[in-house]
Amino acid sequence: MGIIEVPVSSKGQITLPKEYRNMLHLGVNAKVTLISLRPGEIKIVATPKEQSMDAWVDSICGTLQDDSWDSLEKLKKYKKKDLELEKRGMEE
Amino acid sequence: MNLKKEGWKNDFYFMDILDSSALICLLKKEPGHQQVATLLKGAGSTKQTVFICQINFTEVVYFLLKKYGGDTTLKTIAGLRSPFLGVSNYMDSDLAFYAATLKSCYDLSLGDAMGLAFTKIMDGVFWTRDKDLAPIAGKEGIGLRLL
């Protein structure tokens, strides 16, 4: 996650960027630390807690589970098609 | 992130690099997903980052867009954010030259050529489901782990 910069409203409220909100929804447990403050801006360091790593991996594993087709087969078809187009382009 | 400048190439561990097929198999829970899950969990406990190079990551995003559409892709990619899984934007003339050489010698896609070349330059291990890459990696002395 590293260091992210977020805007501060006139009421002093901060809004976490969308991707971080999505991540929190997925159950990644982050420790957020304030590291500096200047007018109109706040910097925070977000570090996942060590024990949440397994939860993060488990949360992404099988997100798109679908047994009806195999991704490797599709990937190889797409690469083959790309190579054929490229060869045709080089020959022309 | 300039991996070389930041000292990522070192003698202490082998850098683990995912192919697009490895990341997608984790997302789809296909054969090999358990090995990728174990790799990522291990990276978290040892504070190491597993990388995927930009072109292979582009393949993942393209694949998700085509198969699942924009909303699912955005949610899935947001869910992948972690300090232990990094998209490398490392590129220099050595890497470009070697990737181009691999592509022309073995008739590879740009993604496969770049993934293998990046792995070679970083002295890493390339995690893939594509068994066709194994003989090429063997000939070129590139670390490869078949899922």
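Residues numbered from 1 in each chain as written. Chains lettered and ligands numbered in written order. Predicted model: local features only at pLDDT ≥ 70, side-chain atom pairs only at ≥ 80, totals over all residues.

## Quick word on the overall build of chain B
How we decide: Here a helix means four or more residues in a row that DSSP labels H or I, a strand means two or more in a row labelled E, and each is numbered from the N terminus. Our exposure labels follow a C-beta count within 10 Å of each residue's own C-beta, placed from the backbone: buried means 20 or more other C-beta atoms, exposed means 12 or fewer, and partly exposed covers the counts in between. C-beta atoms are first placed from the backbone for all residues, and any pair lying within 7 Å is then listed as a contact.
Within chain B, the regular secondary structure consists of seven helices and five strands. Each helix and strand of chain B, placed in order from N terminus to C terminus, yields the pattern β-α-α-β-α-α-β-α-α-β-α-β. Based on the C-alpha atoms only, the size of chain B along its principal axes is roughly 35 × 35 × 25 Å. A buried classification covers 44% of the 147 residues belonging to chain B. Excluding contacts between residues fewer than 6 apart, the proportion of contacts in chain B whose partners are at least 24 apart in sequence is 60%.

## Some thoughts on the overall build of chain A
Of the regular secondary structure elements, chain A holds three helices and three strands. The proportion of buried residues among the 92 residues of chain A is 12%. Considering only contacts within chain A whose residues lie at least 6 apart along the sequence, 44% involve residues at least 24 apart.

## What to know about the interface of chain A and chain B
What counts, and what does not: Under the scheme applied, nonpolar residues are Ala, Val, Leu, Ile, Met, Phe, Trp, Tyr, Cys and Pro; charged residues are Asp, Glu, Lys and Arg; polar residues are all the others, including Gly.
Contact residues are listed per partner, giving 27 residues for chain A and 30 residues for chain B. Among the elements of the structure, helix H1 (18-25), helix H2 (53-60) and helix H3 (71-91) of chain A are those that each provide at least two residues to the side of chain A that touches chain B. Of the residues belonging to the side of chain A that touches chain B, the class tally is 13 nonpolar, seven polar and seven charged.

## Observations regarding the confidence of the model for chain B
Interpretation of the predicted coordinates at a detailed level should be avoided for regions scoring low in pLDDT. Residue and element names in this part refer to chain B. Heads up, the rule is: pLDDT expresses how confident the predictor is about each individual residue, on a scale running from 0 to 100.
Counting all residues, the mean pLDDT for chain B is 88, and 90% of those residues have values of 70 or more. This model gives residues 5-12 a pLDDT under 50, and the stretch forms seven contacts once residues within four places in sequence are excluded. With a pTM of 0.75, the predicted complex shows an ipTM of 0.80.

## Focus on helix H1 (residues 20-28) of chain B
All names here are of chain B. H1 sits mainly inside the fold: nine of its nine residues count as buried. For H1, the full list of buried residues reads Ser20, Ser21, Ala22, Leu23, Ile24, Cys25, Leu26, Leu27 and Lys28. With its phi angle positive at about 55°, Lys29 sits one or two positions after the end of H1.

## Quick look at the packing of helix H3 (residues 54-68) of chain B against helix H6 (residues 110-121) of chain B
Residues and elements named next belong to chain B. Put simply, the rule is: Axis lines are fitted through C-alpha atoms, for helices just across the contact stretch, and the angle between N-to-C directions can take any value from 0 to 180 degrees. An angle counts as roughly parallel when it lies under 35 degrees, as roughly antiparallel when it exceeds 145, as roughly perpendicular when it falls between 65 and 115, and as oblique in every other case. Should the near helix be turned anticlockwise from the far one by less than a right angle, the crossing is termed left-handed; should it be turned clockwise, right-handed.
The N-to-C vectors of H3 and H6 enclose an angle of 140°; their axes lie 8 Å apart at closest approach. On the basis of their axis angle, the class for H3 and H6 is oblique. The two elements H3 and H6 meet at a crossing, and its hand is left-handed. The residues of H6 that touch H3, namely those facing Ile55, Asn56 and Glu59, are Leu110, Gly111, Met114 and Gly115. Considering only residue class, the contact of H3 with H6 consists of three nonpolar, three polar and one charged.

## Thoughts on the environment of Leu27(B)
The residue Leu27(B) is located in helix H1 in this model. Taking the C-alpha atoms as reference points, Leu27(B) and Ala37(B), separated by ten residues in sequence, lie 9.9 Å from one another. When neighbours within four sequence positions are excluded, Leu27(B) is seen to be in contact with Ile60(A), Thr63(A), Leu64(A) and Thr76(B).

## Re H3(A)
Quick note on the threshold: The length a helix should cover is 1.5 Å for every residue beyond the first. Comment: arc refers to directions from the helix axis out to C-beta atoms.
Given a rise of 1.5 Å per residue, 21 residues ought to cover 30 Å, and the 30 Å separating the end C-alpha atoms of H3(A) matches this to within 8%. Within H3(A), the full set of buried residues consists of Ser71(A), Leu72(A) and Leu75(A). Across the axial projection of H3(A), the buried residues extend over an arc of 95°, all falling on one side. What points out from H3(A), more than 90 degrees from its buried face, is the exposed set Glu73(A), Lys77(A), Lys80(A), Lys81(A), Glu84(A), Leu85(A), Lys87(A), Arg88(A) and Glu91(A). Contacts from the buried residues of H3(A) go to H1 and H3 of chain B.

## Quick word on the confidence of the model for chain A
All names here are of chain A. Looking at chain A, pLDDT values average 70 and 43% of them are 70 or higher. Model confidence for chain A, summarised as mean pLDDT per element, is weakest for H1 at 55 and strongest for H3 at 89. In the model, residues 24-28 has pLDDT below 50 throughout and makes nine contacts with residues more than four positions away in sequence or in other chains.

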